Amino acid sequence: MKKPDGKVVLLGDMNVGKTSLLHRYMEKRFQETVSTVGGAFYLKQWGPYNISIWDTAGREQFHGLGSMYCRGAAAVILTYDVNSLQSLTELEERFLELTDSASADCIFAIVGNKVDLSDDCALPPDENRPEKPVASCGSKVRKQVRAEDAIALYKKILKYKMLDEKDVPAAEKMCFETSAKTGYKVDYLFETVFDMVVPIIIRQKAEGLPQTVDITDYKPAKRTKSGCCA
Ligand SMILES: Nc1nc2c(ncn2[C@@H]2O[C@H](COP(=O)(O)OP(=O)(O)OP(=O)(O)O)[C@@H](O)[C@H]2O)c(=O)[nH]1
Ligand SMILES: [Mg+2]
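Residues numbered from 1 in each chain as written. Chains lettered and ligands numbered in written order. Predicted model: local features only at pLDDT ≥ 70, side-chain atom pairs only at ≥ 80, totals over all residues. Heavy atoms only, no water.

**Considering the confidence of the model for the protein chain**
Confidence in the prediction of the protein chain, expressed as mean pLDDT, is 86, and 81% of residues score 70 or more. When pLDDT is averaged over each helix and strand of the protein chain, the minimum, 53, is found for strand S7 (residues 136-137) and the maximum, 98, for strand S4 (residues 75-81). Taken together, the stretch residues 221-230 has pLDDT below 50 and engages in 13 contacts with residues farther than four places along the chain or on a different chain. Here the prediction assigns the complex a pTM of 0.86, and the interface score ipTM is 0.99. (pLDDT = per-residue confidence, 0-100. Helix = DSSP H or I, 4+ residues; strand = E, 2+ residues; numbered from the N terminus. Contact = heavy atoms within 4.5 Å.)

**Focus on the pairing of strand S5 (residues 107-113)**
Buried residues dominate S5, accounting for 7 of its 7 residues. Residues Ile107, Ala109, Val111 and Asn113 line one face of S5 and the alternating positions Phe108, Ile110 and Gly112 line the opposite face, and both faces are buried. The sheet contact formed by S4 and S5 spans 7 bridges and is parallel. Opposite Val76, over in S5, you have Phe108 as the bridge partner. The parallel pair S4 and S5 is bridged by helix H3 (residues 85-95), and the resulting crossover is right-handed. Pairing geometry for S5 and strand S9 (residues 175-177), over 3 bridges, is parallel. Counted as the bridge partner of Ile110 is Cys175 from S9. (Buried < 20%, exposed > 50% of the residue type's maximum accessible area, 1.4 Å probe, protein only. Pairing = 2+ DSSP bridges. Right-handed = clockwise from strand over helix to strand, strands pointing away.)

Written out as structure tokens, the structure is:
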């Protein structure tokens, strides 16, 4: 098997469409999925480099695996569902800390998937959205997460990582909206990220950093009261 030169990891809550995005990009089709168990990866040739793209499980019981998959990652694609504000909140509350093991110069992309289900009839900026029932907007439902919400999260990530806005790609460039179902902006997302990780791969190769996932790094998650893992 070819050895990967660099790693891109998809993270996000269950059901947001991580596996579907990867299928759409790699196989150019949308097919029914089953909820991911553990993780899986695809290898993508990008110019002279082989990039491994890791699909992770959003389900809580697999949460402990996330930081193992992120180890040394050149890019992390944080995925949410544009019709679920909670799925965006989860990125900050549950998934961001998993990226502590990623490369220090890791690229972050924030991706709102399932745009085919909603119309972008923008909400008034001061409307208190989460408590409101989903209103209809034309033939579709009204989108629950605005582009500005994703941009605000990107800026919080920079703060968390203690990065200066002027040293990293602009938030507007790194926040995407996609549909794995129709294929909308899926190629654009992955190919933008691949172009950005090439310099990181070159540096990692020069430093001789390994690009495999070491399962001995896995630390089982603590049990919570509900019996799930955290
Ligand atoms: N309408 C629509 N449905 C989607 C889209 N992407 C995924 N889905 C559906 O959403 C459900 C969950 O998709 P998955 O790709 O399995 O989600 P996941 O993030 O991989 O979930 P876990 O593996 O549990 O973490 C499936 O029924 C998909 O068919 C999309 O862009 N539009
Ligand atoms: Mg999945």
